[in-house]
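For reference, the chains in residue letters:
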Amino acid sequence: MAGKLRKSHIPGVSIWQLVEEIPEGCSTPDFEQKPVTSALPEGKNAVFRAVVCGEPRPEVRWQNSKGDLSDSSKYKISSSPGSKEHVLQINKLTGEDTDLYHCTAVNAYGEAACSARLTVIEVGFRKNRKRHREPQEGRQISLLPRAPPAPKKKMDLEQIWQLLMTADRKDYEKICLKYGIVDYRGMLRRLQEMKKEQEDKMAQYINALSSLRHIRVTKDGIAKFDLELDLKDSQSKIYLYKDGEMIPYGFNNQTKHCLRRLGKRYEFQIQDLRPEDSGIYQVKVEDAVVFSTELEASAIPPRVVVPLAETHCEEQGDAVFECTLSSPCPSAAWHFRHRLLHPSDKYEVFVSPDGLTHRLVVRGARFSDMGPYSLGTGLYTSSAWLVVEGEYQSREPPGHLGSRRSGKDGRLDICGERRDATRSSTSRYKPGTGSFSKDARGPMGHFSQGLADMEVQPGEAATLSCTLTSDLGPGTWFKDGVKLTAQDGVIFKQDGLVHSLFITHVQGTQAGRYTFVAGDQQSEATLTVQDSPTIAPDVTEKLREPLVVKAGKPVIVKIPFQSHLPIQAAWRKDGAEVVGSSDREAQVDLGDGYTRLCLPSASRKDCGQYSVTLRSEGGSVQAELTLQVIDKPYPPQGPMEVQDCHRAGVCLRWQPPRDNGGRTVECYVVERRQAGRSTWLKVGEAPADSTTFTDAHVEPGRKYTFRVRAVTSEGAGEALESEEILVAPEALPKAPSAPAILSASSQGITLTWTAPRGPGSAHILGYLIERRKKGSNTWTAVNDQPVPERRWTVAEVRQGCQYEFRVTAVAPSGPGEPGPPSDAVFARDPMRPPGPVTNLQVTDRSNTSITLSWAGPDTQDGDEAQGYVVELCSPDSLQWLPCHVGTMPVTTYTAKGLRPGEGYFVRVTAVNEGGQSQPIALDTLVQAMPVTVCPKFLVDSSTKDLLTVKVGDTVRVPVSFEAMPMPEVTWLKDGLPLPKRSVTVTKDGLTQLLIPVAGLLDSGLYTVVLRTLQGKEVAHSFRIRVAACPQAPGPIHLQENVPGTVTAEWEPSPDEAQDVPLHYAVFTRSSAHGPWREAADRIHTNHFTLLGILPGHEYHFRVVAKNELGASKPSDTSQPWCIPRQRDRFTVKAPSYREPDLSQKPRFLVGLRSHLLPQGCECCMSCAVQGSPRPHVTWFKNDRSLEGNPAVYSTDLLGVCSLTIPSVSPKDSGEYKAVAENTLGQAVSTATLIVIEPST
């Protein structure tokens, strides 16, 4: 990429600046937060987040090695407007998604890039399928030969278990995946058993093991791991094993494996790391393994296996450097003259597929490319020279020889190059040999003698001449491609066919390449001025004085010189060449007229004799200087010998420091620290010629640690610290054991104890017994005179009180320290311990809590329990920890503050004054996470798939479901989001659709979708049809098609033309029967034939259109149908008919009833009302109407009215009222709802 590379403050981010200057207020892109590498199981969603800054705001692109992220269902790329955060989400991970994902930010001034790796953990048979090779970050794949794979080490399974026992818990999964352990729970159970066995075995040799620090590799390439070990026997042997084989180690830095010990801390070091050093290391004390750690092969710094070799190539040719490392190194970088090289058309970088072989190709090599090339891995570097062979300057036509080069440009062009090593023996001509150009030696042979190379001293005269074979006219002279004139201090002369150029007094600036051109022919030669470099005498005089600096300060030595020829500078220290490979080491620079040595931070190792040799083709000169670095002295050499001289005090002995820092030691400062304290106290000073000291002011019986520092004029150096020493106390008896309670009653308590051991405990005169009440700090003597027996009954006790006892041994030298107190005991008749609890179970779980319940113990197994103790144990521990202080009186408990997703073992113990019952534990590990319930709709056969509602009615459709955790609920209508007039409410397993006023446009297919966090979806669909009562049919026409029958035909309802499903009902009324009777129903045609027509009777017809919502207005015949009788007429007076009046004001057949419900339950209030006309029911809460309240919904089905609250809360408590009204009056029914809050 064109431009220059800039450094970002975020590691792993590369920034290229594409312009020379950036305007004020603008900047190149950069990352404030880069994507994080992650490993996830398949099926999950991966999210990469990047926070990008830059002005103008950069454009952000995401890609992987395949480059295709166009699948919108798989990859979701988003960013919030005005936000710097950009997100890439990868849905439903599979094994194919394992890749390196790149994020690139670009604006007008530059480009920033970074990458993150995604590893998908596959399960089942997919773990073993082959995957395509994934690209390595920052590498370019080439077809370099692949190295044969290294043979895999066979690990003993026992070593792997030992490694797991001392590994950090967070590393369990990585170790199991690496070594193929798939039964994770079984592994945890076995670890518990093995840890108990190992602890029992280690207890034979050590008192304590702590501060385990696993293996790590320092920046100096040394692997270290350490631990604190308190040995029971200081003579116990410590062994070091690697992969099950014992390896020897030393106690200094001269061996590959060494042990450094400081007090109780043991530090093992592995130096000169190589790939074969990887493996599992174990530390054993005698035959017990106390610590296991693993050195990963990837942590070992790569070494150079096949170094770079010096490369020769022709000018404009391609040079190839190749280096092989011991292990892959993604950060390996190529340098030219300590300048970092970036891949380009000039420099091509390749890495073999196995990451071991690195290749650099320099395209079109020129003389300016000559010099040292190196490949650095951070700790190791390989360097080699590129030698470009051929003429020094390429030949070009005379008209394109370029401009004159100044002396400065000439020096920079070959600065630091080994010019004598790059010239072949055939490329340099001596005077008089006659060097011809290719043109001069053409077939015509126009030059009988060409120009010849010359070497002259400064101030001498020089003549360059050539002879032509024929007259080609006046010629032209050029120097380094620039035409020469008389003003350039040269003289031109032509004598026939001989053309000459004279320089009377040659100067260093006149050295160069001279060309004579005649016609289309030319001849060239080189004029060399043998001018050796010079250093000013005053500079040489200053260098004779030693240069003295303090450690840590930078050292810059700049030596100016004068030379007209290209210079090569070589610095040496004590005869060895100085080559800097990093910013912390020596740096050598060669500039225009000076050479410089820079030490960024001087240290004692930099002391010595330095010299610099300046070489040119004219000679060489050398300068020398002495560097002295002053620092604080090193710590005195140990180990420190500490000896208890009894009454004389403590005697210390040490050795002088290995390095005094360049200054004479003035004295030694001795300090001590008492055990248990953090303050060091100065106890004295020892003269410089003495390395011993005696501290007489120590107290017997106390432990001390001593340290010694060497002091010079530069200050005090680091301290040499001793091991902790115990000053022998006077021989007083040791403390007896804690008294054991043999029996306790209201009459007395019987104690027993064991005699002390150790110095001063051989002649015990007796024992003093003390007691105190539980909770008191005051001890009261039980006996005045020592009792010789180790058993005693304390009779003076108060019934019901709780006591503690302790015993002090008395010897001729006096009483010793009191022993530890006994357990607290009640002075009362003994009580039996309770029996074990029963029916222990887990009733609820969350991410941070577990709720338990159990039943009390059976009183037949012991006395009644007075409390309970709940304990938890993590799977990687053997210790049960109580969840609360004291005991609990209830049989349920919620353990809070747990780590999410962590597993725990649980047990409960019943307690009373007689003791504890046998603990009862659950057999399985309990995970601290809520019970996961897959989303499911709670529908049954009674649930309708089609709901038909009337235009203008309110539609409420509740849908119940169960899921844990709460899913995302989405409502759709015909596959699209709901219109704004539709309202949805979701709460606690119930989602409800509410359409306040139904319209014809609300008809359609409604779908509710439950979506979990993992992307799993469950849907439930139903159809709503909104319709109105049909319109009345048209006029009715009557005709007799068959004698004794009449056929009625009518015009269809207008709704039938709109494809509205409906049917017809036909009613008839004869003159002999007054009321209308239904003759036929569900007629889907527009005609009906009535049979059994009687002559002399009048028949009236009525047709009604019907659908699911009701009937239309009737359509009646205008004239009745009548068949005259064949007899005499007579008059019949039909009785008048009067329909009964059924009007009635509302009344409640079944009234409301009060409800008492816990929080979160569904409440349904119902009543039955009767009245004519049909009454309208309105619901009230605390005299406020509930119409339009989205939290409740009501129904009215044939006079049965219900009010439903899906999930009640305390705020729903109150008085509810149903008011039924019609034109004749109203009726009221009331009830009370009380919601109970759960107990905390």
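Conventions adopted
- Residues numbered from 1 in each chain as written.
- Predicted model: local features only at pLDDT ≥ 70, side-chain atom pairs only at ≥ 80, totals over all residues.
- Heavy atoms only, no water.
- Helix = DSSP H or I, 4+ residues; strand = E, 2+ residues; numbered from the N terminus.
- Rg over C-alpha atoms; globule rule 2.2 N^0.38 Å.
- Buried < 20%, exposed > 50% of the residue type's maximum accessible area, 1.4 Å probe, protein only.
- Contact = heavy atoms within 4.5 Å.
- Areas by Shrake-Rupley, 256 points an atom, 1.4 Å probe, with all protein chains shown as cover.
- Lys, Arg positive; Asp, Glu negative; His and termini not counted.
- Charge placed at Lys NZ, Arg CZ, Asp CG, Glu CD.
- Arc of directions from axis to C-beta.
- Pairing = 2+ DSSP bridges.
- Polar contact = N/O pair within 3.5 Å; in protein donor to acceptor, adjacent residues only side chain to side chain.
- Axes fitted to C-alpha atoms, helices over the stretch in contact; angles between N-to-C directions.
- Expected span 1.5 Å × (residues − 1).
- Patch = residues over 30% accessible without salt bridge, like charges linked within 9 Å, V, L, I, M, F, W, Y side chains within 5 Å.
- Salt bridge = Lys/Arg side-chain N within 4 Å of Asp/Glu carboxyl O.
- Parallel < 35°, antiparallel > 145°, perpendicular 65-115°, else oblique.
- Nonpolar A, V, L, I, M, F, W, Y, C, P; charged D, E, K, R; others polar.
- UniProt positions renumbered as here; feature names shortened; annotations may be inferred.

What follows deals with the overall build of the chain. For the chain, the helix and strand inventory stands at six helices and 96 strands. For the chain, whose C-alpha radius of gyration is 52 Å, the value lies well above the compact-globule estimate of 33 Å for 1240 residues. Dimensions of the chain, computed from C-alpha atoms along their principal axes, come out at roughly 170 × 130 × 55 Å. Counting every position in the chain, which comprises 1240 residues, the buried fraction comes to 40%. For the chain, the share of sequence-separated contacts (at least 6 apart) that also reach a separation of at least 24 residues comes to 62%. If you sum the accessible surface of the chain, you get close to 69,500 Å²; carbon and sulfur atoms cover 50% of it. The chain carries 144 positive and 147 negative side-chain charges, and their two centres are separated by 3 Å.

Restricting attention to buried positions, one finds in helix α2 (residues 172-179) the residues Tyr 172, Ile 175 and Cys 176. One side of α2 carries all its buried residues, which in axial view fall inside an arc of 100°. Tucked inside the fold, the buried residues of α2 contact α1 (157-166) and α3 (184-202). Positive backbone phi, at 75°, marks Gly 180, one or two positions downstream of α2.

This part covers the sheet that holds strand β71 (residues 946-950). Reading across from one edge, β71-β78-β77-β73-β74 is the order of the five strands in this open sheet, with mixed pairing throughout. Each end of this open sheet is capped by a strand with a single partner; those strands are β71 and β74 (976-977). Relative to strand β78 (residues 1017-1027), strand β77 (residues 1004-1011) is paired through eight bridges, and the arrangement is antiparallel. Looking at the pairing, Tyr 1006 lines up with Phe 1022 of β78.

It is worth spelling out the side chain of Arg 772 at this point. By the element assignment, Arg 772 lies in strand β55 (residues 766-773). Classification of Arg 772 as buried rests on a relative accessible area of 18%. For Arg 772, the side chain forms a polar contact with the side chain of Glu 804, separated by 2.8 Å. With sequence-adjacent residues up to four places away left out, Arg 772 is seen in contact with Asn 777, Thr 778, Trp 779, Gln 802, Tyr 803 and Glu 804.

Two modes of strand pairing occur in sheets, parallel and antiparallel, and in both the strands are linked by backbone hydrogen bonds. Here we have four strands laid out as an open sheet, ordered β28-β30-β34-β33, and antiparallel in their pairing. On the outer flanks of this sheet lie β28 (447-449) and β33 (491-495), each paired with one strand and no other. Within this sheet the neighbouring strands show an average axis-to-axis angle of 25°, counted without direction. As defined by bridge partners, β33 adjoins strand β34 (residues 498-503) across five bridges and the pair is classed as antiparallel. Looking across to β34, one finds that Lys 493 is bridged to Ser 500.

With 19 residues, α3 extends 26 Å between its outermost C-alpha atoms, agreeing within 8% with the 27 Å of an ideal straight helix rising 1.5 Å per residue. Listed in full, the buried residues belonging to α3 are Gly 186, Met 187, Leu 188, Leu 191, Gln 192, Met 194, Lys 195, Gln 198 and Met 202. Looking at the buried residues of α3, the elements they touch are α1, α2, β11 (206-217), β18 (288-295), β63 (867-873) and β66 (903-912).

A word on a nonpolar patch on the surface. A cluster of nonpolar side chains, Leu 1156, Ile 1234 and Ile 1236, forms an exposed patch at the surface whose accessible area comes to about 280 Å². Position of Leu 1156 relative to the elements: it lies in strand β89 (residues 1155-1158).

In this section: the packing of α1 against α2. Across the interface, α1 lies against α2 with an axial gap of 10 Å and an inter-helix angle of 170°. One element, α1, and the other, α2, form an angle in the roughly antiparallel class. For the pair formed by α1 and α2, the contact residues are Ile 160, Leu 163 and Leu 164 on the first element and Tyr 172, Ile 175 and Tyr 179 on the second. Residues belonging to the contact of α1 with α2 are distributed by class as follows: six nonpolar, no polar and no charged.

With that settled, the discussion passes to the pairing of strand β83 (residues 1087-1090). The side chains of a regular strand alternate, first on one face of the sheet and then on the other. Here β83 shows a buried face lined by Phe 1088 and Leu 1090 and an unburied face lined by His 1087 and Thr 1089. With four bridges connecting them, strand β80 (residues 1046-1050) and β83 associate as antiparallel partners. Counted as the bridge partner of Val 1046 is Leu 1090 from β83.

Within the fold, Gly 748 resides in the loop between β53 (740-744) and β54 (749-752). The contacts of Gly 748, once residues within four sequence positions are left out, are Ser 743, Val 794, Ala 795 and Val 797.

Another aspect to go through is the pairing of strand β46 (residues 650-657). Here six bridges tie strand β45 (residues 636-644) to β46, and the two strands are oriented antiparallel to one another. Across the sheet, Gln 643 pairs through a bridge with Cys 651, a residue of β46. Judged from the four bridges that link them, β46 and strand β49 (residues 692-695) form a sheet pairing that is antiparallel. Considered in β49, the bridge of Cys 651 is made with Thr 694.

A contiguous patch of negative charge, built from Glu 193, Glu 197, Glu 199 and Asp 200, is present on the exposed surface. Along the chain, Glu 197 turns up in helix α3.

This part is about the pattern of salt bridges. Oppositely charged side chains may form a pair once their charged atoms are brought near each other. Evaluation of the coordinates by the stated rule reveals 43 salt bridges. Here Arg 596 and Asp 589 are joined by a salt bridge, their closest N and O atoms 2.9 Å apart. The partly exposed category is assigned to Arg 596, whose relative accessible area is 27%. Taking the relative accessible area as the measure of exposure, Asp 589 reaches 30% and is therefore partly exposed. A salt bridge links Glu 685 to Lys 682; its shortest N-O distance comes to 2.8 Å. Salt bridges here are not isolated pairs; linked through shared partners, they connect Arg 216, Asp 226, Glu 228 and Arg 265.

Glancing now at the UniProt feature "domain: Ig-like" (unreviewed entry) in the chain. With numbering matched to this structure, UniProt assigns "domain: Ig-like" (unreviewed entry) to residues 29-119, 443-528, 935-1019 and 1140-1234. Secondary structure content for residues 29-119 is 0% helix and 59% strand, and the end C-alpha separation is 28 Å. Structurally, residues 1140-1234 is divided into 0% helix and 62% strand, and its ends, taken at the C-alpha atoms, are 46 Å apart.

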